[in-house]
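# Summary of structural features
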Amino acid sequence: MNSPNNLQLFKRPMFPLLLRSLFVVFMMIFIPVAAFCQPKTDQELIIKKCLDISAIQSYFPKNTNSTFKKVYVLQYPVFFKGKPNITKFDQPVSFLERPELNGEHPDAYINFQKFSITENTAEAVFILSYDRFTSAPHLETLNVSLQKNEGNWTIINTTTNKL
């Protein structure tokens, strides 16, 4: 079966082109799947911990059907590069700059004033602005300290201050 004609198949210029085409198709499938399966970054995990603090859950606005509205984060003065991939209330959190945020007219938003991460500790200071379009809008400042143990971030201290 190994006639000279059968061996010629691998010497033809078509064979490398076929391999390259298969490689390109494989990469088109593999890269998006790999990106989708990436673990959350420390930045994303810490932001999510801040948004999940029980003391502020009742301040997030609701729709008329009692489901929660979308959560917004103002990208100033702390700017999160790459728009973190975070969900809250089964919706993606929107990270917007001031002009975009003003265009959305959210009833509430989070405004990080400080956000620092070291290898095993993190600190976040943020303001929750809520009931913005009522006769009595509110601001609440939260200072959050976190510690990383065995790869998991845990809130070790939270202080709140109504303004």
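What comes next concerns the included structure. Quick caveat: nothing in here was measured; it's all calculated off a predicted structure.

Turning to the side chain of E140, a few remarks are in order. Looking at the element boundaries, E140 is found in strand 7 (residues 138-149). The charged side chain of E140 is buried without a salt bridge, its nearest counter-charge being K162 at 4.2 Å. Aside from chain neighbours lying at most four places away, what touches E140 is Y59, F126, I127, L128, Y130, T160, N161 and K162.

Pairing analysis gives two bridges linking strand 1 (residues 72-74) to strand 5 (residues 109-117), with the strands arranged parallel. Bridged to V73 within strand 5 is I110. Relative to strand 6 (residues 121-130), strand 5 runs antiparallel, the two being bridged by eight bridges. Across the sheet, N111 pairs through a bridge with I127, a residue of strand 6. Hairpin geometry of strand 5 and strand 6 is characterised by an intervening segment of three residues between the two adjacent antiparallel strands.

Another point: unusual backbone geometry. Cis geometry marks the peptide bond from Y76 to P77, where omega comes out at -5°. Along the chain, P77 falls in the loop between strand 1 and strand 2 (87-88). Its identity is not glycine, yet F89 carries a phi of approximately 60°, on the positive side. When its relative accessible area of 24% is taken as the criterion, F89 is described as partly exposed.

Our next topic: the packing of aromatic side chains. In total, this model carries eight aromatic pairs according to the counting rule given. With 3.9 Å between their ring centres and 10° between their planes, F68 and F89 make a pair best called stacked. A residue pair is termed long-range when its members are at least 10 positions apart, and F68 in the loop between helix 3 (42-51) and strand 1 and F89 in the loop between strand 2 and strand 3 (91-92) qualify at 21 residues. Assessed through its relative accessible area of 23%, F68 is described here as partly exposed. Their ring planes at 90° and their centres at 5.0 Å tell us that F80 and F115 sit as a pair that is edge-to-face. With F80 in the loop between strand 1 and strand 2 and F115 in strand 5, this pair connects stretches of sequence that are 35 residues apart. Summarising the burial analysis for this pair, F80 and F115 share the class buried. K88 extends its terminal NZ or CZ atom over the ring of F89, reaching a point 4.6 Å from the ring centre.

With that settled, the discussion passes to the pattern of salt bridges. Taken as a whole and assessed by the stated rule, the structure comprises five salt bridges. Between K48 and D52 there is a salt bridge, and its shortest N-O distance comes to 3.3 Å. Residue K48 is classed as partly exposed on the basis of its relative accessible area of 27%. Residue E123 is joined to K114 by a salt bridge in which the shortest nitrogen-to-oxygen separation is 3.1 Å. Put simply, K48, D52 and K88 are held in one network by salt bridges that share partners.

Basis of the calculations
- Residues numbered from 1 in each chain as written.
- Predicted model: local features only at pLDDT ≥ 70, side-chain atom pairs only at ≥ 80, totals over all residues.
- Heavy atoms only, no water.
- Helix = DSSP H or I, 4+ residues; strand = E, 2+ residues; numbered from the N terminus.
- Buried < 20%, exposed > 50% of the residue type's maximum accessible area, 1.4 Å probe, protein only.
- Lys, Arg positive; Asp, Glu negative; His and termini not counted.
- Salt bridge = Lys/Arg side-chain N within 4 Å of Asp/Glu carboxyl O.
- Contact = heavy atoms within 4.5 Å.
- Pairing = 2+ DSSP bridges.
- Phe/Tyr/Trp six-rings, centres within 6.5 Å; stacked < 30°, edge-to-face > 60°.
- Lys NZ or Arg CZ within 6 Å of the ring centre and 35° of its normal.

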